[in-house]
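Architecture and fold: a report
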Amino acid sequence: MEYYCLMVRTGAESDFKERATKALADQGVDATLHFFQRRLRKGKDEYYDAALFPGYLFLQVESLTVEVVGLLRRVKDFYRLLPATGQPQEIRGAALDELKLFMGHGGYLGVSRVIFLPGKRIRAISGPMVGLEGNVYKVNKKKRQITVISSLSPDGKKFDLLYEDAELLEE
């Protein structure tokens, strides 16, 4: 299997996934699109769901052919394959390991609780992100969240995690 990242219109991820899945299946292409959502804390006892990677979906396909790219380009709200549609880059190595961690939990990731130390490496030890490692980018003590840099995207996309139950990785 090959894995690629697609950029689509932010807010249209679910609709794009549905349309693209149908378009690919209608042409007999065996492919799966992955879109991940997270539960985040809004207040003391309030939560909301948000895209983990707004504007991005991940394509799992046996082989990325010109025909598959053409089908995706015709689906409404498609912007490009990353880094460029003409030269898509397959996800491999640590980024693929991270992607498979997310895929193992399906499209919806509940609350992960992690502890932080600014500028340090952490690993989630509870919740759906168990095993995820990352570098703390920013801390929001009021919301009790940290922003972690993902290795899935070339430009280091960031996402938020609660910081209540994690372990610090030794340098």
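Each remark here, short or long, concerns the structure printed above.
In this text, all values refer to a predicted model and were calculated from it rather than measured experimentally. (Residues numbered from 1 in each chain as written. Predicted model: local features only at pLDDT ≥ 70, side-chain atom pairs only at ≥ 80, totals over all residues. Heavy atoms only, no water.)

Here we come to the overall build of the protein chain. The secondary structure content of the protein chain amounts to 3 helices and 12 strands. Looking at the protein chain residue by residue over its 171 residues, the buried ones come to 44%. Counted over contacts in the protein chain with a minimum sequence separation of 6, partners at least 24 positions apart contribute 62%. A total accessible area of about 9200 Å² is found for the protein chain, and carbon and sulfur atoms account for 47% of it. (Helix = DSSP H or I, 4+ residues; strand = E, 2+ residues; numbered from the N terminus. Buried < 20%, exposed > 50% of the residue type's maximum accessible area, 1.4 Å probe, protein only. Contact = heavy atoms within 4.5 Å. Areas by Shrake-Rupley, 256 points an atom, 1.4 Å probe, with all protein chains shown as cover.)

The next subject is the packing of aromatic side chains. Across all of its chains, the model carries 5 aromatic pairs by this definition. Where phenylalanine 36 meets phenylalanine 58, the ring centres are 5.9 Å apart and the plane angle is 40 degrees; that geometry is what we call tilted. In this pair, phenylalanine 36 sits in the loop between strand E2 (31-34) and strand E3 (37-41) while phenylalanine 58 sits in strand E5 (residues 56-61), placing the two residues 22 residues apart along the sequence. Take phenylalanine 36 and phenylalanine 58: they sit in the same class, and that class is buried. Cluster of aromatic residues (ring-pair linked, three or more members): Phe36, Phe53, Phe58 and Phe102. (Phe/Tyr/Trp six-rings, centres within 6.5 Å; stacked < 30°, edge-to-face > 60°.)

Attention shifts here to the sheet that holds strand E4 (residues 47-51). One open sheet accounts for 3 strands, arranged E4-E3-E7; its pairing is mixed. The two strands at the open ends of the sheet, each matched to only one other strand, are E4 and strand E7 (108-109). One ladder, built from 5 bridges, connects E3 with E4; its direction is antiparallel. The residue of E4 that forms the bridge with arginine 39 is aspartate 49. (Pairing = 2+ DSSP bridges.)

The subject of this paragraph is the packing of helix H1 (residues 13-26) against helix H2 (residues 66-73). Relative orientation of the contacting elements H1 and H2 amounts to 140 degrees, with a least axis distance of 9 Å. Considering the angle they form, H1 stands oblique to H2. Between H1 and H2 lies a crossing of right-handed hand. Of the residues in H2, those touching H1 at Phe16, Ala20, Ala23 and Leu24 are Val68, Leu71 and Leu72. Residues that form the contact of H1 with H2 fall into these classes: 7 nonpolar, no polar and no charged. (Axes fitted to C-alpha atoms, helices over the stretch in contact; angles between N-to-C directions. Parallel < 35°, antiparallel > 145°, perpendicular 65-115°, else oblique. Left-handed = near helix turned anticlockwise from the far one by under 90°. Nonpolar A, V, L, I, M, F, W, Y, C, P; charged D, E, K, R; others polar.)

Once that is clear, we can look at the environment of lysine 143. Structurally, the position occupied by lysine 143 is in the loop between strand E9 (133-140) and strand E10 (145-149). The exposure class assigned to lysine 143 is partly exposed, which follows from its relative accessible area of 38%. For lysine 143 and lysine 44, which are 99 residues apart along the polypeptide, the C-alpha to C-alpha distance reads 8.5 Å. If we skip the residues at most four places from it in the chain, lysine 143 touches Arg41 and Leu162.

We now examine the environment of leucine 59. When you line up the elements, leucine 59 lands in strand E5. Discounting residues that sit within four places of it in the chain, leucine 59 has contacts with Glu2, Tyr3, Tyr4, Leu6, Leu24, Ala31, Thr32, Leu33, Leu64, Val68 and Leu72.

Per the stated rule, a full pass over the model turns up 4 salt bridges. The salt bridge partner of lysine 22 is aspartate 26, with a shortest N-O separation of 2.9 Å. Highlighted residues: lysine 22 and aspartate 26, both in helix H1, separated by 4 residues, approximately one helical turn. As far as the burial class goes, lysine 22 and aspartate 26 line up, both exposed. Each of Arg9, Arg19 and Asp77 takes part in salt bridges that share partners, so that together they form one network. (Salt bridge = Lys/Arg side-chain N within 4 Å of Asp/Glu carboxyl O.)

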